[in-house]
Amino acid sequence: MKALLLIDIQNGFCPGGNLPVPHGDEIVPVANRLIRDGGYDVIVASQDWHPENHGSFASQHQGAKPFDMGELSGKPQVMWPDHCVQGTHDAEFHPDLALDAIDHIQQKGENPAVDSYSAFRDNDQGALTGLAAYLTAQQVTEIDLCGLATDYCVKFSALDAADMLPGLKIRFIEDASRGIDPEGVKAAIAEMKANGVDIVTSRQILHR
Ligand code: VGL
Ligand code: ZN
């Protein structure tokens, strides 16, 4: 069984959102083509879903400015602008994303004391989201990932997929993803490759 994992394709990470990824909205038509014609058996969308007092927000730390480096529960943490607050427009999926074809929505980042870049588990590798168990129950053997942002949530999700679901084929779809920082994207791709994740384009998937 082949799964497509769409990471955080939400208003908050698109132009006009609270934590915009440059050109983040450009991936939506590509994601929709993959959803329709990628030959997937299971399609999952993850959703960054923070309480308004989430500890990754600079607003929750005295004197912190967005994009400063700070600390959360004793660990280094980027101080993000308030983003993807539960129930707000910022947290909704991009309005053009073909949500009707999605089998499972995996929310993450609800615990105010720890960030969760990965759709599989919190950054401290403590609490699991249940996504690995879901994919295992669906008998998934191949996972393709894409979305926002390559250098944060997509990378951490790909690395966790490789770590938590050994033996599965994991691929990152480069042109269906965008990152926050160009250097960070390069490093993220190198790190994914080094951990056994294949790098592909949507063309390779759609024109088989
Ligand atoms: C993300 C920073 C904070 C992401 C989520 O989806 O890549 N980045 N929260
Ligand atoms: Zn977040």
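Please read all numbers here as calculations on a predicted model, not as lab measurements.

Examining the site of ligand 1
Residues in contact with ligand 1, as listed here, are D8, F13, L19, D48, W80, H83, Y117, L148, A149, Y152 and C153. With respect to ligand 1, the side chain of D48 contributes an N or O atom lying 3.1 Å from a nitrogen atom. One of the backbone N or O atoms of C153 is found 3.1 Å from an oxygen atom in ligand 1. Protein chains bury 100% of the 260 Å² of accessible surface belonging to ligand 1 in isolation. Partitioning the shell around ligand 1 into residue classes produces eight nonpolar, one polar and two charged.

Re the state of the cysteines
If you walk through the whole model with that rule in mind, you get zero disulfides. No disulfide involves C14; its sulfur sits 9.5 Å from that of C84, the nearest cysteine. Here C14 falls in the buried class, since its relative accessible area comes to 3%. Looking at C84, it has no disulfide partner, and the nearest cysteine sulfur is the one in C153, 8.8 Å off.

What about the coordination of the zinc ion (ligand 2)?
Protein coordination at the zinc ion (ligand 2) comes from D48 (OD), H50 (NE2) and H83 (NE2), with a distance range of 2.1 to 2.2 Å. One way to put it: the four donor atoms around the zinc ion (ligand 2) meet at angles of 88 to 170 degrees, and that makes the site irregular.

Some details on the packing of aromatic side chains
Aromatic ring pairs: the centre-centre distance and the angle between the two ring planes describe each pair. Within this structure, the stated rule accounts for five aromatic pairs. Measuring from ring centre to ring centre gives 6.4 Å for W80 and Y117, while their planes differ by 80 degrees; the resulting arrangement is edge-to-face. Pair noted here: W80 is in the loop between β4 (75-78) and β5 (104-108) and Y117 is in the loop between β5 and α2 (131-137), with a separation of 37 residues, a long-range link. W80 gets classed as buried once you look at its relative accessible area, which sits at 3%. Consider the rings of Y117 and Y152, whose centres lie 5.4 Å apart with planes at 65 degrees: the pair is edge-to-face. Placement of the pair is Y117 in the loop between β5 and α2 and Y152 in helix α3 (residues 150-164), with a sequence separation of 35 residues. Grouping aromatic residues by their ring pairs yields a cluster made of F67, W80, Y117, Y152 and F156.

Details of the environment of Q106
Relative to the elements of secondary structure, Q106 occurs in strand β5. By relative accessible area, which is 7% here, Q106 ends up buried.

With respect to the nonpolar core
Grouped together as the largest cluster of nonpolar side chains are 59 residues, with contacts concentrated most on L4, L6, L34, L135, I143 and I173. Counting residues per element, the ones that place at least two in this core are β1 (2-7), α1 (27-37), β2 (42-48), α2, β6 (142-148), α3, β7 (169-178) and α4 (182-194). Here this core gets six residues from one element, more than from any other, and that element is α1. The residues contacting L135, other than those within four sequence positions of it, are A3, V44, F120, V140, I143 and L165.

Quick notes on the rules
- Sequence order as written defines the numbering, with residues in each chain counted from 1.
- Chains carry letters from A onward and ligands carry numbers from 1 onward, assigned in written order.
- In view of the model being predicted, local features appear only for residues whose pLDDT reaches at least 70, and side-chain atom pairs are presented and counted only at 80 or more, with totals across whole chains, interfaces and linings using the full set of residues.
- As a rule here, side-chain values come from all non-hydrogen atoms in the structure, and water together with hydrogens is ignored.
- One heavy atom suffices: a residue is near a molecule or strand as soon as one of its heavy atoms comes within 4 Å of it.
- Two N or O atoms form a polar contact when they lie within 3.5 Å of each other; inside protein one atom must be a possible hydrogen donor and the other a possible acceptor, and for residues adjacent in sequence the pair counts only when both atoms belong to side chains.
- Exposure was quantified through the Shrake-Rupley algorithm and a 1.4 Å probe, taking into account, for residues, occlusion by the shown protein chains and nothing else.
- Residue polarity is assigned by list, with Asp, Glu, Lys and Arg as charged and Ala, Val, Leu, Ile, Met, Phe, Trp, Tyr, Cys and Pro as nonpolar; anything else, Gly included, falls into the polar class.
- Any pair of cysteine sulfurs within 2.5 Å is marked as a disulfide.
- Summary of the burial criterion: residues with accessible area below 20% of their type's maximum are buried, those above 50% are exposed, and those between are partly exposed, where the area comes from a 1.4 Å probe applied to protein chains only.
- Donor criterion used throughout: N, O or S atom within 2.8 Å of the metal, extended to 3.2 Å for Na, K and Ca. Water excluded; incomplete-looking sites may result.
- Tetrahedral means four donors with every angle between 85 and 135 degrees, whereas square planar (four donors) and octahedral (six donors) require angles over 155 degrees between opposite donors and between 65 and 115 for all others; sites fitting neither are termed irregular.
- Stacked, tilted and edge-to-face are the three classes assigned to paired rings of Phe, Tyr and Trp, where Trp is represented by its six-membered ring and a pair needs centres within 6.5 Å; plane angles under 30 degrees give stacked, over 60 edge-to-face, the rest tilted.
- A run of DSSP states H or I qualifies as a helix once it reaches four residues; a run of E qualifies as a strand once it reaches two. Both are numbered from the N-terminal end.
- The nonpolar core is taken to be a set of buried Ala, Val, Leu, Ile, Met, Phe, Trp, Tyr and Cys residues, with the residues joined through side-chain atoms within 4.5 Å.
- By definition, residues are in contact when any of their heavy atoms lie within 4.5 Å.

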